[in-house]
Amino acid sequence: MKWKKLAAAALCAAAVWGLAASVRAMADYVQAVKAQAGAGVRTYAAPQAAADGKADALLERIKAAAPQYAEPPVDAVVDRVWHAIPGYNGVELDIERTYAAMRLLPEGSPIRPVLREIEPKVGLDDLGPHPIYRGNPKKRMAALMINVAWGNEHLPSILKTLKEKDVRATFFFDGSWLEKNETLARQIAEGGHELSNHAYSHPDMAKLGRNEQYRQIARTEALLKEKLGVRDNKWFAPPSGSYNATTVRTAAQLGLKTVLWTVDTVDWKSPPPENIVAKIRRDTGPGSLILMHPTASASTAMADMIDVLRSKGIEPGTVSATLSTARVPPVEPAP
């Protein structure tokens, strides 16, 4: 009987030792995973066990397909002609999420990629104060820039067309106009459009000293906040496109980037609307910034302008959306 008790004790001790070893092994594994995560090492979720190895085969197939989905990000640069050009996000296959989305599908199913964006290392903010004339040529968007200092009678028609086409534009307000037309400005804001700075009294900025330039921009910036609650404006559009290095630096001190245009509709000269549409068809491309005003010509041409952009695979939108690094999906052509 004594030897039986000794054998039982030995078996218990072995079991306890085995359990402790298992716990230690699991603890070591957890610590190793934590260490990898802390060091920025990418780990992949292990596929669930499968007797026929289907899960392992799927993971390997996804890994093998990853390079065909990879596109490196594009850094922001200062161009000799176009000045500051924003970057554009790259993309890569998210192996873990793609595997999770596919592991219950029949064997041999086509890859259903789950992608993630990769931000560029250099952004607009890293370039310092430079004017901006266009977005990144890889980004299939174009910004509608509407400078408002007059032309109230055409704004309702423009807003109606933008709403019907489900498009948001950027309206740059002259401060003195905003003071007199707060109700109309609020209607523009209610349409979900971006509201930005066009100085206070439509001056020739290049002819002003630094202090007056500061006053012109700061006064309108204060009105945007006071009248319309705008607290995240990023852009300043100099009236008539007149600026100098002092303008760009002064706007930057107020947290704003100076924005010009890629394509000018010259709508203030009252061209036939079809001429504006033809110009958009001919001259716009991905990343274009399109300048216009609340004129009869622009109002009449607006719907066709939007359709032409979409027929070229370019989505019209705001300055912020066009100049951001975020990728955009393919645009469906207008019917």
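Analysis parameters
- Residues numbered from 1 in each chain as written.
- Predicted model: local features only at pLDDT ≥ 70, side-chain atom pairs only at ≥ 80, totals over all residues.
- Heavy atoms only, no water.
- Helix = DSSP H or I, 4+ residues; strand = E, 2+ residues; numbered from the N terminus.
- Buried < 20%, exposed > 50% of the residue type's maximum accessible area, 1.4 Å probe, protein only.
- Contact = heavy atoms within 4.5 Å.
- Areas by Shrake-Rupley, 256 points an atom, 1.4 Å probe, with all protein chains shown as cover.
- Axes fitted to C-alpha atoms, helices over the stretch in contact; angles between N-to-C directions.
- Parallel < 35°, antiparallel > 145°, perpendicular 65-115°, else oblique.
- Left-handed = near helix turned anticlockwise from the far one by under 90°.
- Salt bridge = Lys/Arg side-chain N within 4 Å of Asp/Glu carboxyl O.
- Phe/Tyr/Trp six-rings, centres within 6.5 Å; stacked < 30°, edge-to-face > 60°.
- Lys NZ or Arg CZ within 6 Å of the ring centre and 35° of its normal.
- Pairing = 2+ DSSP bridges.
- Right-handed = clockwise from strand over helix to strand, strands pointing away.
- Arc of directions from axis to C-beta.
- Core = buried A, V, L, I, M, F, W, Y, C linked by side-chain atoms within 4.5 Å.

**Quick word on the overall build of the chain**
Link 1 in the chain: Scanning the chain from N- to C-terminus turns up eleven helices and twelve strands.
Link 2 in the chain: Taking all 335 residues of the chain together, 42% fall into the buried category.
Link 3 in the chain: Sequence-distant contacts, at least 24 apart, represent 73% of the contacts inside the chain between residues at least 6 apart.
Link 4 in the chain: As presented, the chain carries roughly 17800 Å² of accessible surface, and 56% of it is formed by carbon and sulfur atoms.

**Notes on the packing of helix α9 (residues 273–283) against helix α10 (residues 296–311)**
Link 1 in the chain: The geometry of α9 relative to α10 is characterised by a closest axis approach of 8 Å and an angle of 30 degrees between their N-to-C directions. Relative to α10, the element α9 lies roughly parallel. When you trace α9 past α10, the crossing you get is right-handed. Across the interface between the two elements, Pro273, Ile276, Val277, Ile280 and Arg281 of α9 pack against Ser297, Ala298, Thr300, Ala301, Asp304, Met305, Val308 and Leu309 of α10.

**Looking at the pattern of salt bridges**
Link 1 in the chain: Within the structure shown, the criterion is met by 17 salt bridges.
Link 2 in the chain: Residue Arg116 is joined to Glu96 by a salt bridge in which the shortest nitrogen-to-oxygen separation is 3.9 Å. Separated by 20 residues along the polypeptide, Arg116 in strand β4 (residues 115–118) and Glu96 in helix α3 (residues 95–102) bring together distant segments of the chain.
Link 3 in the chain: A relative accessible area of 22% means that Arg116 is categorised as partly exposed.
Link 4 in the chain: Residue classification places Glu96 among the partly exposed positions, given a relative accessible area of 22%.
Link 5 in the chain: With its nearest N and O atoms 2.8 Å apart, the salt bridge here joins Glu212 to Arg215. Pair noted here: Glu212 and Arg215 are both in helix α7 (residues 210–228), with a separation of three residues, about one helical turn.

**Details of the packing of aromatic side chains**
Link 1 in the chain: Applying the stated criterion to the full structure yields one aromatic pair.
Link 2 in the chain: A cation over a ring is seen here: Arg134 above Trp82, with NZ or CZ 5.5 Å from the ring centre.
Link 3 in the chain: When the ring centre of Tyr200 is taken as reference, the NZ or CZ atom of Arg219 above it lies at 3.7 Å.

**Overview of the pairing of strand β11 (residues 289–292)**
Link 1 in the chain: Covered by surrounding structure in β11 are Leu289 and Leu291 together with Ile290 and Met292, the residues of both alternating faces.
Link 2 in the chain: Two elements, strand β5 (residues 141–148) and β11, share four bridges in a ladder whose sense is parallel. Paired with Leu144 across the strands is Ile290, a residue of β11.
Link 3 in the chain: Tracing the backbone out of strand β10 (residues 263–264), into α9 and back to the parallel element β11 gives a crossover that is right-handed.

**What to know about the packing of α7 against helix α8 (residues 245–253)**
Helices that pack against each other are described as a pair by the angle of their axes relative to one another and the distance between those axes.
Link 1 in the chain: Two elements in contact, α7 and α8, have axes separated by 10 Å at closest approach and are oriented at 50 degrees. When the axis of α7 is compared with that of α8, the two are oblique. Relative to α8, the crossing made by α7 is right-handed. Packed against α7, whose contacting residues are Arg210, Gln213, Tyr214 and Ile217, the element α8 presents Thr246, Thr247, Thr250, Ala251 and Gln253 at the interface.

**Brief notes about helix α6 (residues 182–190)**
Link 1 in the chain: Within α6 the residues assigned to the buried category are Leu184, Ala185 and Ile188. For α6, the buried positions fall inside an angular range of 100 degrees around the axis, keeping them on one side. Among the exposed residues of α6, those oriented more than 90 degrees off its buried face are Thr183 and Glu190.
Link 2 in the chain: Where α6 is buried, its residues meet α4 (155–164), β6 (170–173), α5 (175–180), β7 (194–197) and α7.
Link 3 in the chain: Gly192 sits one or two residues past α6 and shows a positive phi near 80 degrees.

**Let's talk about the nonpolar core**
Link 1 in the chain: One finds Leu144, Leu162, Phe171, Phe173, Trp177 and Ile290 to be the most contacted residues of the largest nonpolar core, which totals 37 residues.
Link 2 in the chain: A per-element tally of this core places α10 first, with seven residues.
Link 3 in the chain: Beyond its immediate sequence surroundings of up to four residues, Trp177 is in contact with Val148, Ala149, Trp150, Asn152, Leu155, Leu184, Ala185 and Ile188.

None of the figures reported here should be taken as evidence of function without further support.
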